[in-house]
Amino acid sequence: MNRPLPNAIYPGLKGRTAFVTGGATGIGCAMVTPFARQGMRVGFCDIAIPEGEALAASLGAAGHEARFDPVDVRDTDALQQALRNTADRWATIDVLVNNVANDSRQDWRDLTCAEWDNAMAINLRPAFFAIQAVPPGMIAREHGSIIDLGSISWKAKYGTMPAYTTAKAAIHGLTRSYTVLHGLSYRRWGNTIFVSTRSFPVGF
Ligand SMILES: NC(=O)c1ccc[n+]([C@@H]2O[C@H](COP(=O)([O-])OP(=O)(O)OC[C@H]3O[C@@H](n4cnc5c(N)ncnc54)[C@H](O)[C@@H]3O)[C@@H](O)[C@H]2O)c1
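Reading the values: the criteria
Residues numbered from 1 in each chain as written. Predicted model: local features only at pLDDT ≥ 70, side-chain atom pairs only at ≥ 80, totals over all residues. Heavy atoms only, no water. Helix = DSSP H or I, 4+ residues; strand = E, 2+ residues; numbered from the N terminus. Buried < 20%, exposed > 50% of the residue type's maximum accessible area, 1.4 Å probe, protein only. Contact = heavy atoms within 4.5 Å. Areas by Shrake-Rupley, 256 points an atom, 1.4 Å probe, with all protein chains shown as cover. Pairing = 2+ DSSP bridges. Right-handed = clockwise from strand over helix to strand, strands pointing away. Phe/Tyr/Trp six-rings, centres within 6.5 Å; stacked < 30°, edge-to-face > 60°. pLDDT = per-residue confidence, 0-100. Salt bridge = Lys/Arg side-chain N within 4 Å of Asp/Glu carboxyl O.

1. Examining the overall build of the chain
Across its full length, the chain carries 8 helices and 6 strands. Of the regular secondary structure in the chain, the N- to C-terminal order runs β-α-β-α-β-α-β-α-α-α-β-α-α-β. The 204 residues of the chain split such that 44% are buried. The long-range share in the chain, meaning contacts at least 24 apart out of those at least 6 apart in sequence, stands at 67%. Taken as a whole, the chain presents about 11000 Å² of accessible surface, with 56% of it coming from carbon and sulfur.

Structure follows, in structure tokens:
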């Protein structure tokens, strides 16, 4: 498999704008940082406020353009406002990364309605409403990319986080359906990335 070189420069990214949900720590941070180093303008939101502010400050100090919005993605209005603020500030959002998640372990036998709803409000609902806010501009420009962070957990039949795995299965359906809704090419406009910390045989 061809792997991107860690120090490679991708000139096509320079000057583009990205927005990453849940970008202050973890994999989100691991996308925000290289996006900024490629010369992209990066907006990101998170509930981890000290980490988000520190990341934006360190990228800014290094001469990169990064903006952090302290947003709990369960607040849909706040999420969409952060996206609008980012688009207003930099005139566009070229890349939306639906990354935010919470994979808390839950026993299906005593999972409550409130816990189920909370899991959907973090792992599924924000992706739809971020997509609702961003692609109209992409469609107008005939340019853009939406990356939905999926998980192999539902395909691998993990049983310890039923609400999370259900949401992640739905994320894949969301990716496929919004591209069709917009009459767009699935491959060109949107992709689910199936994240895994383990290796699985092809066709698992
Ligand atoms: N790490 C893995 O092994 C793994 C495996 C499969 C899939 N994934 C997927 O990759 C993505 C990133 O994974 P990760 O391990 O970095 O996740 P993580 O839990 O470490 O980080 C998610 C980020 O979202 C933030 N967040 C959580 N709840 C929030 C809320 N209500 N509002 C705003 N921000 C909130 C967290 O503060 C954190 O910065 C997720 O979509 C996850 O499902 C990860």
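2. Considerations on the pairing of strand E2 (residues 41–46)
When a strand is regular, its side chains alternate between the sheet's two faces. When you tally the buried positions in E2, you get 6 out of 6 residues, the bulk of the element. Residue alternation in E2 divides its side chains into two sets, Arg 41, Gly 43 and Cys 45 and Val 42, Phe 44 and Asp 46, and both sets are buried. The pairing of strand E1 (residues 17–21) with E2 spans 5 bridges and is parallel. What sits directly across from Phe 19, in E2, is Gly 43. Crossover E1 to E2 through helix H1 (residues 26–37) is right-handed.

3. Examining the packing of aromatic side chains
Applying the stated rule across the entire model yields 2 aromatic pairs. Ring geometry for Phe 44 against Phe 68: centres 5.3 Å apart, planes inclined by 40°, an arrangement best described as tilted. Taken together, the residues Phe 44 in strand E2 and Phe 68 in strand E3 (residues 65–70) connect sequence positions 24 residues apart. Take Phe 44: its relative accessible area is 0%, and that puts it in the buried class.

4. Structural notes on the confidence of the model for the chain
For the chain, per-residue confidence averages 87 on the pLDDT scale, and residues scoring 70 or more make up 85% of the total. Of the regions scoring below 50 in pLDDT, residues 198–204 engages in 7 contacts with residues more than four places distant in sequence or in other chains.

5. Comments concerning the pattern of salt bridges
Pairing is possible between side chains that carry opposite charge, provided their charged atoms lie close to one another. By the definition in use, this model includes 4 salt bridges. Across the pair Asp 69 and Arg 67 runs a salt bridge whose closest N-O atoms are separated by 3.0 Å. With its nearest N and O atoms 3.2 Å apart, the salt bridge here joins Arg 105 to Asp 103. With a relative accessible area of 36%, Asp 103 lands in the partly exposed category.

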